[in-house]
Amino acid sequence: MSYRRHVGLVALTLLAAGQIQAQTTPQATPVPTAGRVSYVSGTMFVQTSDNKTRILGRDSAIYNGDVITTEKTTVARIEFGDGSTLALKPRSKVKIDGFAFDEAKPEKDSLLYSLLKGGLRAVTGLIGKRNREGYRASTVTATIGIRGTRFGMLLCDETDKDDPVCLKALQDAKDRKPGEPALVFDVEEGSIEVRNDA
């Protein structure tokens, strides 16, 4: 048997063994994405629900349970499957608590997220139109429901005094507890409903 033919038979045997192995190995169920990064300028990373950290770039997938952090000069936008977007400001941290969207079942739609630090601008998509109760944004001090489509929120703590909006919010929030952040809202279109969780 020639060397060439022997190598060819070995390669076919290995290929066939790989196909048999692939057919008998159960496939993992793919985890559905909650959204994707549609724009990023600067460094942004995510801590996943299983405590792994990875750098995010344009078109990176976002999953339920992810905690997304932007650096000092980073701005980014996340798009969800229903058309909702979150535009993240520099030095922000947001957790995607849950996203579910099924065009045939609006009653099961939900987009739930928590602003842990910094700020964002939100534009609600179909979930905000079809199931307003399924759209919730939370902070350490409040839960926000929507009655509109475009709003922003900024969570200010003592380290944010270089931002004039935060400085004013911290000075105006006379009844806040020591160390508690001040929360600033602006509504471009529609309205929001804020409930104090304290």
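Here the structure is a predicted model, which means the values were calculated and not measured.

Colleague: Can you walk me through empty space enclosed by the protein in this structure?
Modeller: Per the stated rule, a full pass over the model turns up one cavity of 30 Å³ or more. Lining the largest cavity, in full, are Arg136, Thr143, Ile144, Gly145, Glu193 and Arg195. Elements supplying a minimum of two residues to the lining of the largest cavity: strand S11 (142-146) and strand S14 (192-196). The element that contributes the greatest number of residues to the lining of the largest cavity is S11, accounting for three residues. Residues belonging to the lining of the largest cavity are distributed by class as follows: one nonpolar, two polar and three charged.

Colleague: So what exactly am I meant to see when it comes to the layout of surface pockets here?
Modeller: Summary: where empty space remains is shown by rolling a probe the size of a single water molecule over the atoms. Looking at the largest pocket, its volume works out to about 300 Å³. Breaking the lining of the largest pocket down by element, the ones donating at least two residues are strand S13 (182-189) and S14. In this structure, the second largest pocket is lined by Val31, Pro32, Thr33, Ala34, Thr48, Ser49, Asp50, Lys52, Tyr63, Asn64, Asp66 and Phe99. Its residues placed into classes, the lining of the second largest pocket shows five nonpolar, four polar and three charged.

Colleague: What's the story with the state of the cysteines in this structure? I'm lost.
Modeller: Every disulfide links exactly two cysteines, by a covalent bond between their sulfur atoms. Enumeration according to the criterion identifies one disulfide in this entry. A sulfur-sulfur distance of 2.1 Å marks the disulfide that ties Cys156 to Cys166. Every disulfide takes its handedness from the sign of the S-S torsion; for Cys156 and Cys166 that torsion is -65°, giving left-handed. Taken as a pair, Cys156 in strand S12 (residues 150-156) and Cys166 in helix H3 (residues 164-172) lie far apart in primary sequence, ten residues in all. Cys156 sits in the buried class, given a relative accessible area of 0%.

Colleague: Got a minute to help me understand the pairing of S11 in this structure?
Modeller: Strand residues, when the strand is regular, have side chains that alternate between the two faces of the sheet. Within S11, five of the five residues are buried, which leaves the element mostly enclosed by the surrounding structure. Here S11 shows a buried face lined by Ala142, Ile144 and Ile146 and a second buried face lined by Thr143 and Gly145. Of the strand pairs in this sheet, strand S10 (residues 135-138) and S11 are connected by three bridges, and their pairing is antiparallel. By the bridge assignment, Ala137 is partnered in S11 with Ile144. From the end of S10 to the start of S11, which pair antiparallel, there are three residues. Summarising the sheet, S11 and S14 pair through five bridges and their orientation is antiparallel. Opposite Ile144, over in S14, you have Val194 as the bridge partner.

About the thresholds
- Throughout this document, residue positions are counted from 1 along each chain, in the order its sequence is written.
- Whole-chain, interface and lining totals are the exception, using all residues; otherwise, since this is a predicted model, local features are given only for residues with pLDDT of at least 70 and side-chain atom pairs are given and counted only at 80 or more.
- Water and hydrogen atoms were dropped before computing side-chain values, which therefore reflect all heavy atoms in the structure.
- Only protein atoms enter the 1 Å grid, on which a cavity is a set of points fitting a 1.4 Å probe that cannot get out and a pocket is an open set with protein on both sides within 12 Å along at least 5 of 7 lines, lining residues being those with an atom within 4 Å of a point.
- Grid points are joined across faces, edges and corners, and a volume is the space filled by probe spheres set on the points.
- Helix and strand definitions follow DSSP, with helices as H or I runs of at least four residues and strands as E runs of at least two, each counted in order from the N terminus.
- In this classification, Asp, Glu, Lys and Arg are treated as charged, Ala, Val, Leu, Ile, Met, Phe, Trp, Tyr, Cys and Pro as nonpolar, and every other residue, Gly included, as polar.
- In plain terms, two cysteine sulfur atoms within 2.5 Å form what is called a disulfide here.
- Type-normalised accessible area, obtained with a 1.4 Å probe on protein chains alone, sets the label of each residue: buried when under 20%, exposed when over 50%, and partly exposed for intermediate values.
- The pairing criterion is simple: DSSP has to find at least two bridges between the two strands.

This is a description of form; function is not addressed.
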